[in-house]
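What follows is each chain in one-letter form.
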Amino acid sequence: KGTGQTIGAVTADLITLALGATPTTYIVEAKIAGFESTTPAGCGYNIICTTRITGAAASLVGTQDKIVEEEAALAACDVNFVVAANNLILRATGTAGLTVNWSSTANRVGV
């Protein structure tokens, strides 16, 4: 689980998954909700990605599958998985001029 806040068109890392020292593959599914209170407006995402790790570095496999549901005020928002070193990071991007509060959960299955 993870939470975060974006003030303007910046990013917030909601969840960082340390992927461990054993080479493997994971499939990860995340559900994310965003809420902006002044408009008010909401957004929701469901993302599935696959990542392979060497034990020292992670890489994304293929293209992330994403279901996107956004009200017009939050159409510039986005959420994606990114890798850094041996970590998989769920990263949210906000919208200029708005404060978005984020909440997320993620589940992973590995071989």
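Below: a short report on this structure. (Residues numbered from 1 in each chain as written. Predicted model: local features only at pLDDT ≥ 70, side-chain atom pairs only at ≥ 80, totals over all residues. Heavy atoms only, no water.)

Bringing the sheet that holds strand E7 (residues 87-93) into the picture now. Read across the open sheet, the three strands follow the order E2-E7-E6; overall the sheet is antiparallel. Looking along the sheet, the strands with just one partner apiece sit at the ends: strand E2 (11-18) and strand E6 (78-84). The average undirected angle you get between the axes of adjacent strands in this sheet is 25°. Here E6 runs beside E7; their pairing, made up of seven bridges, is antiparallel. Considered in E7, the bridge of Ala84 is made with Asn87. (Pairing = 2+ DSSP bridges. Helix = DSSP H or I, 4+ residues; strand = E, 2+ residues; numbered from the N terminus. Axes fitted to C-alpha atoms, helices over the stretch in contact; angles between N-to-C directions.)

What follows is about the side chain of Asn86. Counting through the fold element by element, Asn86 comes out in the loop between E6 and E7. The class for Asn86 is buried, based on a relative accessible area of 14%. A polar atom in the side chain of Asn86 sits 2.4 Å from the backbone oxygen of Gly20. Within the structure, Asn86 has its side chain in polar contact with the backbone oxygen of Gly55 (distance 3.5 Å). Setting aside anything within four residues of it in sequence, one finds Asn86 in contact with Leu17, Ala18, Leu19, Gly20, Ala21, Ile53, Gly55, Ala56, Ala57 and Ala58. (Buried < 20%, exposed > 50% of the residue type's maximum accessible area, 1.4 Å probe, protein only. Polar contact = N/O pair within 3.5 Å; in protein donor to acceptor, adjacent residues only side chain to side chain. Contact = heavy atoms within 4.5 Å.)

Before going further, it helps to examine the environment of Ile15. Structurally, Ile15 is set in strand E2. Along the chain, Ile15 and Thr105 lie 90 residues apart, while their C-alpha atoms are 8.0 Å from each other. Beyond its immediate chain neighbours, meaning those up to four positions away, Ile15 contacts Lys1, Gly2, Leu88, Ile89, Leu90, Ser104, Thr105 and Ala106.

The next subject is the side chain of Thr24. Relative to the helices and strands, Thr24 resides in strand E3 (residues 24-36). Classification of Thr24 by relative accessible area gives buried; the value is 11%. With near-sequence residues (within four places) excluded, Thr24 lies in contact with Thr51, Arg52, Ile53, Gly110 and Val111.

This brings us to the pattern of salt bridges. Applying the stated criterion across every chain yields a total of three salt bridges. For Arg91, the salt bridge is made with Asp13, and the minimal N-O distance between the two is 2.6 Å. Of this pair, Arg91 sits in strand E7 while Asp13 sits in strand E2, and the two are 78 residues apart along the sequence. Accessibility expressed as a relative area gives 27% for Arg91, which makes it partly exposed. (Salt bridge = Lys/Arg side-chain N within 4 Å of Asp/Glu carboxyl O.)

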